[in-house]
Amino acid sequence: MVGVEDRYREKLFINQRTRACQSVSVMACSGTYEYVIEEFCLGKFRLDMKELDQHHWCSWEDTVEPYGELTNCTYLIALKMDCFWPNRQVDEFFIRIHKQYFHDCSLSGRQLRDPPNHILGPFIVVPILVTLLMTALVVWRSKRSEGIV
């Protein structure tokens with residue numbers, strides 16, 4: 001019969017072995033994994049973004065497919081190389097992608113632009129007309145002082 005002390009040693013050995021394997025896996029992934037995603041994933045993403053007009057880079061509808069393919073590519077390579085995903089290299093990789101391609105985009109992912117004139121016009125004209133009307137009303141009431149009690 002296996003004693004409590006033997007079980008403890010066995011669990012400790014398994015935990016240490018698991019940590020060692022994870023450390024080796026992470027160390028093996030650091031340089032090689034980064035190189036592979038740069039070569040395979042980023043190359044296709046660059047071609048996809050080159051085909052897309054630069055004015056559409058901030059449009060999520062236009063970039064969701066290439067961005068999703070890029071994400072899936074990094075994930076599949078991590079699986080093949082037995083690396084953790086997401087990891088520090090993936091985070092740094094996507095930060096570089098965002099700095100290069102999406103640095104001028106708003107947080108909502110929509111392009112910021114002025115609304116059409118038929119929407120913007122009333123927001124400009126109505127306050128001006130109300131101000132003029134109120135000024136005329138004040139002037140008119142100040143000239144009719146005999147009716148005020």
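Residues numbered from 1 in each chain as written. Predicted model: local features only at pLDDT ≥ 70, side-chain atom pairs only at ≥ 80, totals over all residues. Heavy atoms only, no water.

- Per an unreviewed UniProt entry, the protein goes by the name Receptor activity-modifying protein 1 and belongs to Salvelinus namaycush.
- According to the UniProt record, the Subcellular location (unreviewed entry) comment for the protein is "Cell membrane".
- Under Subunit (unreviewed entry), UniProt gives the following word-for-word description of the protein: "Heterodimer of CALCRL and RAMP1; the interaction induces allosteric modulation of CALCRL function and CGRP1/CALCA and CGRP2/CALCB ligand specificity. Heterodimer of CALCR and RAMP1; interaction forms the AMYR1 receptor complex for amylin/IAPP and CGRP1/CALCA ligands." (UniProt positions renumbered as here; feature names shortened; annotations may be inferred.)

Quick notes on the state of the cysteines
Item 1. For the coordinates displayed, the defined rule picks out two disulfides.
Item 2. Put simply, Cys-41 and Cys-73 are joined by a disulfide, and their sulfur atoms are 2.0 Å apart. Note on the Cys-41 and Cys-73 pair: the S-S dihedral is about -80°, so by sign convention the disulfide is left-handed. Residue Cys-41 is located in helix α1 (residues 4-51), and its partner Cys-73 is located in helix α2 (residues 60-80); the two are separated by 32 residues in the primary sequence. Of the two residues, Cys-41 and Cys-73, both sit in the buried class.
Item 3. One disulfide bridge connects Cys-58 with Cys-105, the sulfur atoms lying 2.0 Å from each other. With the S-S bond torsion at -90°, the cross-link from Cys-58 to Cys-105 turns out left-handed. One end of the pair, Cys-58, is in the loop between α1 and α2; the other, Cys-105, is in the loop between α3 (88-101) and α4 (117-143), with 47 residues separating them in the sequence.
Item 4. Under the relative-accessibility criterion, Cys-58 is labelled buried at 17%. (Disulfide = S-S within 2.5 Å. Helix = DSSP H or I, 4+ residues; strand = E, 2+ residues; numbered from the N terminus. Buried < 20%, exposed > 50% of the residue type's maximum accessible area, 1.4 Å probe, protein only.)

Side note on the side chain of Asp-48
Item 1. Tracing the backbone through its elements, the reader meets Asp-48 in helix α1.
Item 2. The contacts of Asp-48, once residues within four sequence positions are left out, are Pro-66 and Glu-69. (Contact = heavy atoms within 4.5 Å.)

Observations regarding the confidence of the model for the protein
Item 1. In this model, the protein carries a mean pLDDT of 78, and residues with pLDDT of at least 70 account for 73%.
Item 2. In this model, residues 12-27 is a region of pLDDT below 50 whose contacts with residues beyond four sequence positions or in other chains number four contacts. (pLDDT = per-residue confidence, 0-100.)

Some remarks on the packing of aromatic side chains
Item 1. All chains considered together, the criterion is met by eight aromatic pairs.
Item 2. With a centroid separation of 5.9 Å and an interplanar angle of 65°, the aromatic rings of Trp-60 and Tyr-67 are classed as edge-to-face.
Item 3. Overall, the relative accessible area of 47% leaves Trp-60 in the partly exposed class.
Item 4. An aromatic cluster of three or more residues is present, and its members are Phe-45, Trp-57, Trp-60, Tyr-67, Phe-93, Phe-94, Tyr-101 and Phe-102. (Phe/Tyr/Trp six-rings, centres within 6.5 Å; stacked < 30°, edge-to-face > 60°.)

Describing the pattern of salt bridges
Item 1. The final tally for this structure, using the stated rule, is five salt bridges.
Item 2. The shortest N-O distance in the salt bridge between Arg-96 and Glu-38 comes to 2.3 Å. Of this pair, Arg-96 sits in helix α3 while Glu-38 sits in helix α1, and the two are 58 residues apart along the sequence.
Item 3. Accessibility expressed as a relative area gives 35% for Arg-96, which makes it partly exposed.
Item 4. A salt bridge links Glu-92 to Arg-88; its shortest N-O distance comes to 3.0 Å. With Glu-92 and Arg-88 both in helix α3 and four residues apart, this pair spans about one turn of that helix.
Item 5. Residue Glu-92 is classed as partly exposed on the basis of its relative accessible area, which comes to 32%.
Item 6. When its relative accessible area of 53% is taken as the criterion, Arg-88 is described as exposed.
Item 7. If you follow the salt bridges from partner to partner, you end up with Glu-34, Glu-38 and Arg-96 in one network. (Salt bridge = Lys/Arg side-chain N within 4 Å of Asp/Glu carboxyl O.)

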